[in-house]
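Residue strings, one per chain:
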Amino acid sequence: MSDDQFDLADVALAEPPFHHLDAGMQGAPRQTASNMKFSLSFFSNDDRGKPGADNYKLLLDATRYADRNGFEAVWLPERHFHAFGGLFPNPSVLAAALATVTARIGLRAGSVVSPLHSPIRIAEEWAVVDNLSNGRVGISFAAGWNANDFILSSSPFEERRERLACDMDVVRQLWRGDDAVVSGLPVKTFPRPVQESLPVWLTTTGRQEGFIAAGKMGANVLTHLRGQELNELPEKIELYRRSRKDSGHDGRGQVTLMMHTYVHEDRARAIKDIQQPLMAYLGSSLDLTQASTKRLKPPRRNSATAAALRDAMLLEACERYMNESGLFGTPDDVIATVERLARAGVDEIACLVDFGVDHAKALASLSLLAETKRRLRAPASCGLSLPTER
C-alpha cells in the first residue's frame with residue numbers, strides 16, 4: 001500500500017482516541033480519574049545488536065525520574081529466547097538494581113512466569129529485593145504463553161495454569177514465614193522479607209476466566225489490550241470484583257492496565273514521532289507470535305505477497321494502537337482517556353514507554369505525563385500544578 005492510500009497519521013488525527021467507549025461503559029463501576037495511579041512499564045525490543053549498559057539507560061533514567069515525581073511503580077517483564085523483550089530474562093535481577101537507585105517507587109514483576117521456576121527461588125529472590133527496597137516489591141504471576149519457553153520448566157506447557165495456582169499459594173506461604181511442603185519436605189525460606197504479605201497480581205490477556213480466577217485467588221489483575229477491546233473491560237472488571245467478593249476476599253482489588261504511552265503538546269507531532277518506532281516494535285512482536293504459535297508458515301524468500309500481508313497486518317495493528325489501545329497524544333487527550341478508563345473500573349495505568357521512541361523524546365513525554373498526572377489530582381478550583389522536577 002502506498003502512503004496516499006493509507007496514511008496512519010491522517011487516520012489517527014481523524015478522531016480523538018477512544019471515541020466509541022462510553023456506550024460500552026454503561027453501568028460500569030464508577031471511579032475517579034483524580035485517583036488513577038500511574039506506573040511505568042518496560043518491554044523493549046533488543047534491536048541494538050550491541051551489548052552494554054546503554055541497553056538499560058532508558059530504564060534507569062525513566063525509573064529514577066518516576067521515583068522523584070510520584071509514580072506508583074515500575075513493572076518489569078520476563079522474556080526468553082527472542083529479541084522482543086529479550087533485555088528482561090529475570091525481573092528480580094533488574095528490580096534489585098533499581099532498588100539501589102530509588103527510594104519510593106514500587107518494584108513489580110510484570111510478570112513472573114511461575115511455571116518456569118521453583119516457587120522457592122521466586123520467594124527467595126524477591127525477598128532479597130524486598131529487603132534492598134525496604135518493602136516495595138509486588139509480583140504479577142503469569143502462566144506463560146510461549147511454548148518455546150517451557151524448555152525451562154519441569155511441567156508440560158498444557159498444565160501451566162494449574163501449576164501457576166499452586167505456585168502462587170506456595171510463594172505466599174513462604175513469604176508469610178509458614179512452612180510449605182515442596183517435594184514432600186517442609187521448607188522455610190530466607191531472608192525474611194520486609195512486607196508481611198506479598199502484594200500479588202494475576203496477569204491475564206483478556207480471557208473472562210482469567211479475571212474470575214484472579215478474583216477467586218484474592219489477587220489483583222494485570223492486563224493489556226492485546227487480544228481484547230477496551231469496551232469489554234467494564235464487564236470483565238465487574239466479573240473480577242464479583243468473583244473476589246463471592247470468594248470471601250476483603251477489598252475490591254486493583255486492576256492495572258498496561259498501555260503504550262507517548263505524550264506531546266501537539267497531537268500531530270506525537271503521531272509522527274511514534275508511527276515508525278511503533279510499527280517496528282509491533283513487527284518484532286508479530287514475528288515472536290508467529291514463531292511461537294506456528295500458525296503461519298515463514299514467508300518465502302522474496303515473497304512479495306507474504307511481505308505485503310505482513311505490512312498490512314502491521315498497519316492495521318499500528319492504527320488500532322494509535323486510535324484505541326495506547327495513551328497517545330496531548331495532555332488533554334490523556335486526561336479524556338483516563339476519565340474513560342476510570343469509569344471502566346481501571347485503577348492503575350502501567351505506561352509502556354520503551355517501544356522505540358528515542359531517549360530524549362521518551363523522557364520529554366514522561367515529563368508531560370507527570371504534569372498531566374498532577375493536573376488530574378489538583379483541585380478543580382485551583383487550576384494550578386506544581387513544576388515538574390527535571
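In this report, the structure presented in the accompanying data block is examined. (Residues numbered from 1 in each chain as written. Predicted model: local features only at pLDDT ≥ 70, side-chain atom pairs only at ≥ 80, totals over all residues. Heavy atoms only, no water.)

## A few points about the environment of H359
- Relative to the helices and strands, H359 is located in helix 11 (residues 359-377).
- Separated by 298 residues in the primary sequence, H359 and D61 place their C-alpha atoms 9.3 Å from one another.
- With residues near it in sequence (within four places) discarded, H359 still touches K57, L58 and D61. (Helix = DSSP H or I, 4+ residues; strand = E, 2+ residues; numbered from the N terminus. Contact = heavy atoms within 4.5 Å.)

## Considerations on a nonpolar patch on the surface
- A contiguous nonpolar surface patch, about 340 Å² in accessible area, is contributed by F81, I151 and L152.
- Position of L152 relative to the elements: it lies in the loop between strand 4 (137-142) and helix 5 (160-176).
- In this structure L152 comes out as partly exposed when scored by relative accessible area, which is 39%. (Patch = residues over 30% accessible without salt bridge, like charges linked within 9 Å, V, L, I, M, F, W, Y side chains within 5 Å. Areas by Shrake-Rupley, 256 points an atom, 1.4 Å probe, with all protein chains shown as cover. Salt bridge = Lys/Arg side-chain N within 4 Å of Asp/Glu carboxyl O. Buried < 20%, exposed > 50% of the residue type's maximum accessible area, 1.4 Å probe, protein only.)

## Comments concerning the pairing of strand 3 (residues 106-113)
- Burial within strand 3 is extensive, with seven of its eight residues counted as buried.
- Relative to strand 3, strand 2 (residues 73-76) runs parallel, the two sharing four bridges. In the sheet register, W75 faces strand 3, and the bridge partner there is R108.
- Inspection of the sheet shows strand 3 paired to strand 4 by six bridges, in the parallel sense. The partner of L107 across the bridge, within strand 4, is V137. (Pairing = 2+ DSSP bridges.)

## Examining the nonpolar core
- Of all hydrophobic cores here, the largest spans 72 residues; its most connected members are F38, F42, F71, W126, I139, I349 and L369.
- Filtering out sequence-adjacent residues up to four positions away, W126 remains in contact with P91, S92, A95, L107, R108, A109, V112, V137, I139 and W175.
- With 17 residues, the next largest nonpolar core counts W75, L278, L282 and F328 among its residues. (Core = buried A, V, L, I, M, F, W, Y, C linked by side-chain atoms within 4.5 Å.)

## Some words on helix 4 (residues 119-132)
- The terminal C-alpha atoms of helix 4 lie 20 Å apart, and with 14 residues this matches the ideal 20 Å at 1.5 Å per residue to within 8%.
- P119, I120, I122, A123, W126, A127, V129 and D130 are the residues of helix 4 that are buried.
- As for helix 4, its buried residues are in contact with helix 3 (91-99), strand 3, strand 4, helix 5, strand 5 (180-182) and strand 6 (185-187).
- At the N-terminal end of helix 4, a side-chain oxygen is found 3.1 Å from the backbone nitrogen of I120, two or three residues along, and the residue is S118.
- Just past helix 4, the residue N134 takes up positive phi, approximately 60 degrees. (Expected span 1.5 Å × (residues − 1). Polar contact = N/O pair within 3.5 Å; in protein donor to acceptor, adjacent residues only side chain to side chain.)

## Details of the pairing of strand 4
- Of all six residues in strand 4, six are buried, a share of seventy percent or more.
- Residues V137, I139 and F141 point to one face of strand 4 and G138, S140 and A142 to the other, with burial holding for every one of them.
- For the crossover from strand 3 across helix 4 to strand 4, the handedness is right-handed.
- Pairing analysis gives three bridges linking strand 4 to strand 7 (residues 200-204), with the strands arranged parallel. Residue pairing for strand 7: F141 is matched across the bridge by L202. (Right-handed = clockwise from strand over helix to strand, strands pointing away.)

## Remarks on helix 3
- Along helix 3, the positions that sit buried rather than exposed are P91, S92, L94, A95, L98 and A99. When helix 3 is viewed along its axis, its buried side chains cluster within an angular range of 160 degrees and face the same direction.
- As for helix 3, its buried residues are in contact with helix 2 (57-68), strand 2, strand 3 and helix 4. (Arc of directions from axis to C-beta.)

## Observations concerning the pattern of salt bridges
- Under the criterion given, the structure shown has 19 salt bridges.
- Notably, a salt bridge pairs R108 with E348, separated by 2.9 Å at the nearest N-O pair. On the criterion of sequence distance, the pair formed by R108 in strand 3 and E348 in strand 11 (residues 348-352) is long-range, its members being 240 residues apart. Summarising the burial analysis for this pair, R108 and E348 share the class buried.
- Between K236 and E232 there is a salt bridge, with the nearest N and O atoms lying 3.1 Å from each other.
- Overall, the relative accessible area of 6% leaves K236 in the buried class.
- Residues joined in a network through salt bridges with shared partners are K57, D61 and R64.

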